[in-house]
Amino acid sequence: MFSIDPAQFAPLLDKFNQQGWVLAPHFVPAALNQALLADLQQQQLQQAGVGRQQAHSINADIRRDKTAWFDGQSAAQQQYLQLMQALQQAFNRAFFLGLFDFECHYARYSQGDFYHKHLDAFSGRSNRVLTTVSYLNTVSQGGELQLFSEEDQLISSIVPTAGSLILFESERFPHQVLPAEDERYSIAGWFRRNNSLQGHIDPPN
């Protein structure tokens with residue numbers, strides 16, 4: 001087990017307030033990171049798709065990673081979800097975002113796997129507010145996450161490093177994963193709030 005000190009989020013919140021995204025090295029404690037990596041390697045991963053609900057489909061021209069959604073059954077998953085719940089509470093207190101839920105999945109990028117440029121949410125059409133990516137291993141080359149501005153200018157190219165977390169506004173920043181060379185393991189997640197669209201609540205899944 002590990003303790004969560006809300007004060008540890010202060011630098012992260014300050015940086016996010018300045019630019020709408022933040023990279024936090026060593027965010028996930030090393031022991032938990034190792035437990036999550038071991039847990040991922042026990043999962044039955046499936047080819048990842050694109051789109052939501054009826055629009056969901058498999059398209060290897062867009063993305064080629066394999067994923068497994070968290071079910072909260074393992075101790076490692078439970079501890080990670082506790083950490084993200086604490087982060088959710090910190091963001092709600094600081095920015096009044098109304099975040100109510102968090103969903104996430106493991107992702108494995110094998111050699112040659114990629115995910116082309118995309119947004120995780122579209123204004124008025126999704127309840128994803130903040131995107132998170134936690135890296136479970138360090139890679140020597142390939143698999144960088146590239147973050148772009150709203151004007152499609154490259155902001156940062158982030159090399160996966162074990163224990164680090166990147167967090168950004170889902171509607172604001174297009175991003176892509178470059179083709180992997182080393183095996184790349186991560187957790188992709190989204191903080192969400194309910195949106196009402198034409199009288200219907202945007203479903204939580």
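Residues numbered from 1 in each chain as written. Predicted model: local features only at pLDDT ≥ 70, side-chain atom pairs only at ≥ 80, totals over all residues. Heavy atoms only, no water.

Q: Tell me what's going on with the overall build of the protein, and back it up with residues and numbers.
A: Regarding its fold elements, the protein presents 3 helices and 13 strands. Residues classed as buried in the protein amount to 50% of the 205 residues present. A separation of at least 24 residues holds for 78% of the contacts in the protein among residues at least 6 apart in sequence. About 10,300 Å² of surface is accessible on the protein, with carbon and sulfur atoms providing 48% of the total. (Helix = DSSP H or I, 4+ residues; strand = E, 2+ residues; numbered from the N terminus. Buried < 20%, exposed > 50% of the residue type's maximum accessible area, 1.4 Å probe, protein only. Contact = heavy atoms within 4.5 Å. Areas by Shrake-Rupley, 256 points an atom, 1.4 Å probe, with all protein chains shown as cover.)

Q: Describe the pairing of strand β8 (residues 154-158), and please don't skip the residues or the numbers.
A: In this structure, strand β7 (residues 145-148) lies alongside β8, joined through 4 bridges in antiparallel fashion. Across the sheet, the residue bridging to Leu147 is Ser156, located in β8. Between β7 and the antiparallel strand that follows it, β8, lie 5 residues; Asp152 among them carries a positive phi value of about 70 degrees. (Pairing = 2+ DSSP bridges.)

Q: Account for the pairing of strand β3 (residues 66-69), naming residues and giving values.
A: Of the pairings in the sheet, the one linking strand β2 (residues 46-47) to β3 comprises 2 bridges and is antiparallel in character. Across the sheet, the residue bridging to Gln47 is Lys66, located in β3.

Q: Run through the sheet that holds strand β4 (residues 101-109), naming residues and quoting values.
A: With respect to topology, 7 strands assemble into an open sheet ordered β1-β9-β6-β11-β4-β3-β2, the strand pairing being antiparallel. Here the strands that pair on one side only, and so sit at the sheet edges, are β1 (21-24) and β2. Direction of pairing for β1 relative to strand β9 (residues 165-169): antiparallel, over a ladder of 4 bridges. Directly across from Trp21, in β9, lies its bridge partner Phe168. Packing of helix α3 (residues 75-95) onto the sheet brings it into contact with β4, β6 (128-135), β9 and β11 (184-192), and relative to β4 it is tilted by some 130 degrees. (Axes fitted to C-alpha atoms, helices over the stretch in contact; angles between N-to-C directions.)

Q: How would you explain the packing of aromatic side chains if you had to name every residue and give the values?
A: Within the structure shown, the criterion is met by 9 aromatic pairs. Put simply, the rings of Phe16, Phe91 and Phe95 pair up and form one aromatic cluster. Arg184 extends its terminal NZ or CZ atom over the ring of Tyr109, reaching a point 4.7 Å from the ring centre. (Phe/Tyr/Trp six-rings, centres within 6.5 Å; stacked < 30°, edge-to-face > 60°. Lys NZ or Arg CZ within 6 Å of the ring centre and 35° of its normal.)

Q: Now, about the sheet that holds β8: what can you tell me, with residues and values included?
A: If you trace the 4 strands from one edge of the open sheet to the other, you get β5-β10-β7-β8, paired in antiparallel fashion. Lying at the two open borders of the sheet, with one neighbouring strand each, are β5 (115-118) and β8. Taking the axes of each pair of neighbouring strands and ignoring which way they run, one obtains an average angle of 10 degrees across the sheet. Relative to strand β10 (residues 175-177), β7 is paired through 3 bridges, and the arrangement is antiparallel. Counterpart to Leu147 in the pairing with β10 is His175.

Q: How would you explain unusual backbone geometry if you had to name every residue and give the values?
A: Excluding glycine, residues mostly have negative phi values, and the peptide bonds linking residues are mostly trans. In this structure, His26 takes a positive phi of about 60 degrees despite not being glycine. In this fold, His26 is placed in the loop between β1 and α2 (30-40). Even without being glycine, Asp152 reaches a positive phi, approximately 70 degrees. Tracing the backbone shows Asp152 in the loop between β7 and β8.

Q: I'd like a description of helix α1 (residues 10-19), backed by residues and values.
A: Along α1, the residues that are buried comprise Leu12, Leu13 and Phe16. The arc that holds the buried residues of α1, viewed along the axis, is 95 degrees, so those residues lie on one side. Residues of α1 that are exposed and point over 90 degrees away from its buried face: Pro11, Asn17 and Gln18. Of the residues trailing α1, Gly20 is marked for its positive phi of about 80 degrees. (Arc of directions from axis to C-beta.)

Q: Tell me about the side chain of His175, and name the residues and values.
A: Inspection of the secondary structure assignment puts His175 in strand β10. Among the polar contacts listed, one links the side chain of His175 to the side chain of Asp120, at a separation of 3.4 Å. (Polar contact = N/O pair within 3.5 Å; in protein donor to acceptor, adjacent residues only side chain to side chain.)

Limitation: the analysis is restricted to geometry and does not speak to function.
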